[in-house]
Amino acid sequence: PPYAVGYFVGSLSTQSVNRTLSRALLRLAPSELTFTEIPIGGLPLYNRDLDGDFPPEARDFKALIARQDALLFITPEYNRSIPGALKNAIDWASRPYGENVIARKATAVIGASPGQIGTAVGQQHLRSILSFLQAPQMNAPEAYIWMRPGLIEEDGTVTDPGTEEFLRGYMNAFFEYIERVLTVVPPAS
Ligand code: FNR
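Scoring rules and cut-offs
Residues numbered from 1 in each chain as written. Predicted model: local features only at pLDDT ≥ 70, side-chain atom pairs only at ≥ 80, totals over all residues. Pairing = 2+ DSSP bridges. Helix = DSSP H or I, 4+ residues; strand = E, 2+ residues; numbered from the N terminus. Axes fitted to C-alpha atoms, helices over the stretch in contact; angles between N-to-C directions. Core = buried A, V, L, I, M, F, W, Y, C linked by C-beta atoms within 7 Å. Buried ≥ 20, exposed ≤ 12 C-beta atoms within 10 Å, placed from the backbone. Contact = placed C-beta atoms within 7 Å. Right-handed = clockwise from strand over helix to strand, strands pointing away. Parallel < 35°, antiparallel > 145°, perpendicular 65-115°, else oblique. Left-handed = near helix turned anticlockwise from the far one by under 90°. Expected span 1.5 Å × (residues − 1). Arc of directions from axis to C-beta.

Attention shifts here to the sheet that holds strand β2 (residues 33-37). Read from one edge to the other, the open sheet built from five strands follows the order β2-β1-β3-β4-β5, with strand pairing classed as parallel. The open sheet has two edge strands, β2 and β5 (144-146), and neither has a second partner. Strand-to-strand, the axes of this sheet are offset by a mean angle of 25°, without reference to chain direction. Two elements, strand β4 (residues 106-113) and β5, share three bridges in a ladder whose sense is parallel. What sits directly across from Ala112, in β5, is Ile145.

Turning our eyes to something else, we now look at unusual backbone geometry. Cis rather than trans, the peptide bond between Pro1 and Pro2 has omega equal to 0°. For Pro2, the location among the structural elements is in the segment before β1 (3-9). With omega at 0°, the peptide bond leading from Ala140 into Pro141 counts as cis. As for its placement among the helices and strands, Pro141 is situated in the loop between α4 (120-132) and β5.

Attention now goes to the nonpolar core. Formed by 46 residues in total, the largest nonpolar core has its most connected members in Phe8, Leu21, Leu72, Ile74 and Phe174. Of all the secondary-structure elements, those providing two or more residues to this core are β1, α1 (17-28), α2 (56-66), β3 (70-74), α3 (84-93), β4, α4 and α5 (161-182). Ranked by residues supplied to this core, first place goes to α5 with six residues. Setting aside chain neighbours within four positions, we find Ile74 in contact with Tyr7, Phe8, Val9, Gly10, Asn18, Leu21, Ser22, Leu25, Ile110 and Gly111.

Here the focus is the pairing of β4. In terms of burial, β4 is a largely internal element, eight of the eight residues being buried. In β4, alternate side chains face the same way, and those of Ala106, Ala108, Ile110 and Ala112 on one face and Thr107, Val109, Gly111 and Ser113 on the other are all buried. Where β3 lies against β4, five bridges are found, and the strand directions are parallel. In the sheet register, Leu71 faces β4, and the bridge partner there is Thr107. One crossover worth recording links β3 to the parallel β4 by way of α3, and it is right-handed.

For the pair α1 and α5, interaxial distance at closest approach is 9 Å and the crossing angle is 70°. Between α1 and α5, the angle is such that the two are roughly perpendicular. Of the two elements, α1 crosses α5, and the hand of that crossing is right-handed. Contact residues: Ala24, Leu25 and Leu28 in α1; Glu164, Leu167, Arg168 and Met171 in α5.

Here we come to the pairing of β3. Among the five residues that make up β3, five are buried, leaving the element largely enclosed by the rest of the structure. Here β3 shows a buried face lined by Ala70, Leu72 and Ile74 and a second buried face lined by Leu71 and Phe73. Alignment of β1 against β3, held across five bridges, turns out to be parallel. Looking at the pairing, Val5 lines up with Ala70 of β3.

Let us now look at α4. For α4, spanning 13 residues, the distance from its first C-alpha to its last is 19 Å, which sits close to the expected 18 Å at 1.5 Å a residue. If you check which residues of α4 are buried, you get Gly122, Gln123, Leu126 and Leu130. Seen from one end, α4 has its buried residues packed into an arc of 95°, which puts them on one side. Relative to its buried face, α4 has exposed residues pointing more than 90 degrees away, namely Ser128, Ser131 and Phe132. Where α4 is buried, its residues meet β3 and β4.

Our next topic: the environment of Glu176. Inspection of the secondary structure puts Glu176 in helix α5. Between the C-alpha atoms of Glu176 and Gly41, which are 135 residues apart in sequence, the distance is 30 Å.

Right under this line is the structure:
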């Protein structure tokens with residue numbers, strides 16, 4: 001440690017409950033983790049015609065991901081999948097063929113929804129995508145956040161102690177997971 005965590009917020013909305021959740025996670029994370037947002041809103045639509053000559057926004061985006069030890073995805077569910085903006089960003093990160101910068105990064109997935117299913121279905125789609133891209137994923141704990149009004153304040157203060165404890169535990173588990181992924185375990189003799 002410290003480990004560099006790049007985080008994606010899957011929503012472009014200024015009112016995003018997932019951005020509010022991201023603020024809570026950063027506040028509750030262990031001090032061994034440092035955070036950098038990987039913005040997705042400025043990327044053009046992915047087009048493989050550009051594989052030989054990526055636009056500067058996409059180059060910078062990929063370079064920022066490459067510098068991270070781990071990636072945290074905080075995303076809403078759109079129509080039982082992930083938002084198009086996030087899929088577009090991941091598609092850029094995965095190309096050109098053979099230059100996938102998500103491969104081998106320790107990853108974790110979390111999301112919030114005003115609905116009680118709490119992004120569970122969208123997260124499964126994201127897990128499939130990350131599996132295909134060769135990213136090791138923290139399998140447990142899972143985190144499906146049902147965002148009731150007032151649960152987390154604008155600045156990321158969690159008002160419900162049980163939720164606060166759960167989110168702190170989630171970030172501690174992610175820290176331990178990153179450490180396991182980055183640690184080279186010698187073969188048994
Ligand atoms: C939604 N919403 C939604 N919620 C959910 O739990 N499952 C879903 O499949 C969907 N689908 C969906 C599609 C689209 C296009 C929109 C705009 C919204 C509701 C969604 O969870 C809610 O708007 C959240 O507030 C979105 O997250 P952010 O933007 O607040 O972070």
